[in-house]
Each structure stands twice: as C-alpha cells, then as structure tokens.
Amino acid sequence: MTDSILSKAATMEIPINSNGDTRTAEEDSLEQIGGSLDEIVGKLPVAMDLQQVMVSGPNLNETSIVSGGYGGAAEGIIPTSSIKDIRSKSRGIIPSQLAASRIANQPGHYQAPNMHHSNSNPSMISEEATRGVAVEKFDNVKKWSINTYKCTKQMFSERFGRGMKTVDQELEAQIDVLKETKLKYECILRLARALTNHFYNMVQTQQALGDTFADLSQKSPELQDEFGYNAETQKLLCKNGETLLGAINFFVSSINTLVNKTMEDTLMTIKMYENARLEYDAYRTDLEEMSAGPRDAATIMRIEAAQQQYQIHKDKYERLRSDVSIKIKFLEENKVKVMHKQLLLFHNAISAYFAGNQQQLEQTLRQFNVKLKPPGSDKPSWLEEQ
C-alpha cells in the first residue's frame, strides 16, 4: 500500500503531455500563450509606425501572466523578460497597439502635423539670414576702416614730407590748366549773366518809355510829331534789344553747359583719380614696409595679402589715369568747337545791334539757329521759379 501511494506521488510530480513528452508546466503555458498571440497577430494588420503604437500600449513592466499549469503560485508567474521574448516572437505587436494603429491608418483619420519642425525651420532660416547680413556689414566696416586708416596715414606723410607721392608730370599739368580754365570760364559766365540782367532791364525801360511817348503824342497835339518819332524809335530799339537778348541767352546757356556739366564731369573723374592715387600709394608704402621687415610664416602670408591689395589698387589707379587723359583730350576739342561758335555769335550780334543794323542782327540769329521766345514769355512760370 505504501508503494502504491509513492507511485501516485511520483506520477503527480512528472506531468505528461499528449505526446508523451515530459515538460514543465511553465514551458507548456508559454507555448500556449505564444500560440494564441501568433493567432492574434495573423488576424490583425501590422502597425506602420511602431513608435506611435508603443505609446498607447500597456506598461509591460507592471504586467504578469499566471499560467494554468501545476505547481504553486510562484511557479505560475511569468516574468517580464519572458513577455519580451514572446513579444519579439510575435513581431512586437500587442492587441491594444494594433487597435491604435488600425485607427491611425483609416482613410478619414486626421493626424496633427509636426508643428515643432514647421515653426522652427522659418525661424532658423531667418536667424541665419540675419546673421549673414550682420557678418557682411561687419566685413564692409572692417575693410573701410583699414582703407581709411592707410589713406589718412599716407596723406599726413605726404603733407609733412615723409611719404613718397606718385606724380605724373604731364597729366598733373593738364589738370592744373583745366582747373584754371574752369575758373576763367566761370568768370565769363557770371559777367554774361550780369550783362543779360542789365540789358533786360534796359529793354524794359525802353518799352515803358516808348509807351509813354505814344500816350503823350495822343494827348499833346502841339507835340504830336515829336512824341511820335521818339515812340517809334524806342519801340524799334526794344525790338532789336529783345533779339539781342535771345542771342546773349543762347551764349549764356552754352557756356553754362560747358562749365557746369562737361568740365564738371571731367573734374569728378579727376577727383576719383586722385583718390585712387592716394590709395595706391598707401598700399604701396604698406607693402614696402612689410617687405623690409623680418619674415616668418605669418609675415609671408600678410605680405601675399598686401601684394594682392596693391595690385588691385594699382590697376584701378592706371585705369582712372587713362580715363582722365581721354576726357581731358575730348574736353579740349569740345571746348574749342563750342567757344568758336559762341564767340562768333556774340560778336556779330553785339556789332549789329549797336550799329543799328536790324537785318544783320536777325540774319545772325538765323545763321546760328537761335530761336527767339514769343512775347510775354520772358517772365518764368511759377513752376520754374520753384
């Protein structure tokens, strides 16, 4: 009887499955759970976004599964590590996560866009653009400061006789002649304008005097002839004076164009040439001082950079020097051509007027294509006065 009880106890300790294999209850339970999860996975679709699915799933660290096999309570608890193995076996998907993925993949489901990237990208682009503009402005200010310092140093060195100045004797002589010529032509222009104003006042006085003589010839029968002769003479002088004013105004306009436009344009080019010459001498002096000092790796690099800047300013200086020579040559030719015509016009018109030759005066204006203003247009309009 004792032997039969021991045999039953031995039979209860060693469970036998349907195939006759001897396995533990935990292994049998794990296989059952794994098979059930495989069936669930086969029926549900696979989630597209694993990271999004894992958010809605349960916390597996707090989950335990009790098997239905034999043994005590401790033997029926499956640890979390075993659940992780089962999850990897079933392709990492659990039912709650699959449900969330199914809802997310439906056609009508709306997913909020990633606002962090859409808001940060424009701000980052704007910040980079602002930083680029600031760096560019800083570089420009830095270059301008260095250039101004070098040019100021060179200018003071030349003023105090310590610096060497590049001088083109022939071109400098032409520039001096042009500046002196411009001063003289400005004097001619100023005097011609004064003559125009005075002569205009005289013509207006003659016109008023002729009107007064004509009125008195009507009111003084005893002096009607005398007043009439003087009225006709003053009106004729007024008419010839207006013709002469037209010639003088044309002369003044041509001189003004020559002085304040043609000569001024050449002088602006000369000013640019002088600035380029100062920069060229400044960078030439800087290069000479670097070359005369001791040389190491850093000094050689600075010398190469100074050599490049020197070459740039040398090319600019030579280009502007050529432009100044060409403009002075063309200005001289244009000045001779313009002044030949204007001086001849001025002489013929003044001679014909004071000789009383009205026909020659009108012929002079036709010869030089001078058009007279209609009567009443001497006074400028309100728009021209502004």
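First things first, this report covers the structure right here in the doc. If you're wondering where the values come from, they're calculated on a predicted model, not measured in any experiment. Every residue gets a number counted from 1 within its own chain, in the order that chain's sequence is written. pLDDT decides what is reported in this predicted model: residues at 70 or higher carry local features, side-chain atom pairs at 80 or more are listed and counted, and totals for whole chains, interfaces and linings draw on all residues regardless. Side-chain metrics in this entry use all non-hydrogen atoms of the structure; hydrogen atoms and water are not considered.

Examining unusual backbone geometry
Keep this limit in mind: Runs of E in the DSSP output that reach at least two residues are strands. Runs of H or I that reach at least four are helices, and both are numbered from the N terminus. Each residue's exposure class comes from its accessible area (1.4 Å probe, protein chains only) as a fraction of the maximum for that residue type: buried when under 20%, exposed when over 50%, partly exposed otherwise.
Even without being glycine, N369 reaches a positive phi, approximately 55 degrees. Along the chain, the position of N369 falls in the loop between α10 (358-367) and α11 (382-385). Its relative accessible area of 62% is what places N369 among the exposed residues.

As for the layout of surface pockets
Filter applied, for reference: Both cavities and pockets are sets of points on a 1 Å grid over the protein atoms alone; in a cavity a 1.4 Å probe fits but cannot get out, in a pocket the set is open with protein on both sides within 12 Å along at least five of seven lines, and lining residues sit with an atom within 4 Å of a point. Grid points are joined across faces, edges and corners, and a volume is the space filled by probe spheres set on the points. Residues were grouped as follows: Ala, Val, Leu, Ile, Met, Phe, Trp, Tyr, Cys and Pro as nonpolar; Asp, Glu, Lys and Arg as charged; and all remaining residues, including Gly, as polar.
There is about 350 Å³ of room inside the second largest pocket. Forming the boundary of the second largest pocket are 13 residues, of which I146, K150, Y283, A305 and Q309 lie nearest the centre. Elements represented by at least two residues in the lining of the second largest pocket include exactly α6 (115-159), α8 (224-292) and α9 (297-355). No other element matches the 6 residues that α6 contributes to the lining of the second largest pocket. In terms of residue class, the lining of the second largest pocket is made up of 5 nonpolar, 2 polar and 6 charged.

Focus: the packing of aromatic side chains
Rules: The criterion for an aromatic pair is that two Phe, Tyr or Trp rings (for Trp, the six-membered ring) have centres within 6.5 Å, with stacked assigned to planes under 30 degrees apart, edge-to-face to planes over 60 apart and tilted to the rest.
Tallying each qualifying case throughout the model produces 8 aromatic pairs. Ring geometry for F251 and F346: centres 4.9 Å apart, planes at 35 degrees, overall tilted. With F251 in helix α8 and F346 in helix α9, this pair connects stretches of sequence that are 95 residues apart. Seen in terms of ring centroids, Y273 and Y317 are 5.6 Å apart; in terms of plane orientation they differ by 20 degrees. Their pairing is stacked. Taken together, the residues Y273 in helix α8 and Y317 in helix α9 connect sequence positions 44 residues apart. Residue Y317 is classed as buried on the basis of its relative accessible area of 3%.

Here we look at a nonpolar patch on the surface
For the record, the criterion: Each patch is assembled from residues with relative accessible area greater than 30% and no salt bridge, linking like charges that lie within 9 Å and nonpolar side chains (Val, Leu, Ile, Met, Phe, Trp, Tyr) that lie within 5 Å. Here, Shrake-Rupley sampling with a 1.4 Å probe gives the accessible areas, and only protein chains in the shown set may cover a residue. Salt bridges, as used here, are contacts in which a Lys or Arg side-chain nitrogen is within 4 Å of a carboxyl oxygen on Asp or Glu.
Side chains of M155, F156 and F160 sit close together on the surface and give an oily, nonpolar patch of about 320 Å² of accessible area. Position of F160 among the secondary structure elements: in the loop between α6 and α7 (169-219).

Quick notes on the nonpolar core
This is how it is decided: To qualify as a nonpolar core, a set must consist of buried Ala, Val, Leu, Ile, Met, Phe, Trp, Tyr and Cys residues joined through side-chain atoms within 4.5 Å. Contact between two residues is taken to exist if any of their heavy atoms lie within 4.5 Å; hydrogens are not considered.
Core analysis: the largest hydrophobic core is formed by 42 residues, its most contacted members being I175, L178, I270, Y273, V324 and I328. Where this core is concerned, the elements lending two or more residues are α7, α8, α9 and α10. Those residues in contact with I328 that lie beyond four places of it in its chain are L171, Q174, I175, L178, T266 and I270.

Quick notes on the packing of α8 against α10
For clarity, the cut-off: Axis angles are defined between N-to-C directions and span 0 to 180 degrees, where every axis is a line fitted to C-alpha atoms and, for a helix, only to the segment in contact. With respect to orientation, any angle under 35 degrees is reported as roughly parallel, any angle over 145 as roughly antiparallel, any angle of 65 to 115 as roughly perpendicular, and every other angle as oblique. In this scheme the crossing of two helices becomes right-handed for a clockwise turn of the near helix relative to the far one and left-handed for an anticlockwise turn of less than a right angle.
Their axes nearest at 10 Å, the elements α8 and α10 cross at an angle of 25 degrees. Overall, the two elements α8 and α10 adopt an arrangement that is roughly parallel. For the pair α8 and α10, the crossing hand works out as left-handed. Here α8 contributes L236, K239, N240, T243, L244 and A247 to the contact with α10, which in turn contributes Q358, L361 and L365.

Considerations on the side chain of T269
Within the fold, T269 resides in helix α8. Those residues in contact with T269 that sit more than four places away from it in its chain are D323, V324 and K327.

Brief notes about the pattern of salt bridges
Inspection of every chain in the model, using the stated rule, returns 12 salt bridges. Put simply, K182 and E264 hold a salt bridge, and the shortest N to O gap is 3.6 Å. Of this pair, K182 sits in helix α7 while E264 sits in helix α8, and the two are 82 residues apart along the sequence. Its salt-bridge partner being K327, residue D265 comes within 3.0 Å of it at the nearest N-O pair. With D265 in helix α8 and K327 in helix α9, this residue pair connects regions lying 62 residues apart in the sequence. Overall, K327 belongs to the partly exposed group, its relative accessible area being 28%. Where salt bridges share partners, they join R277, D281, R284 and E288 into one cluster.

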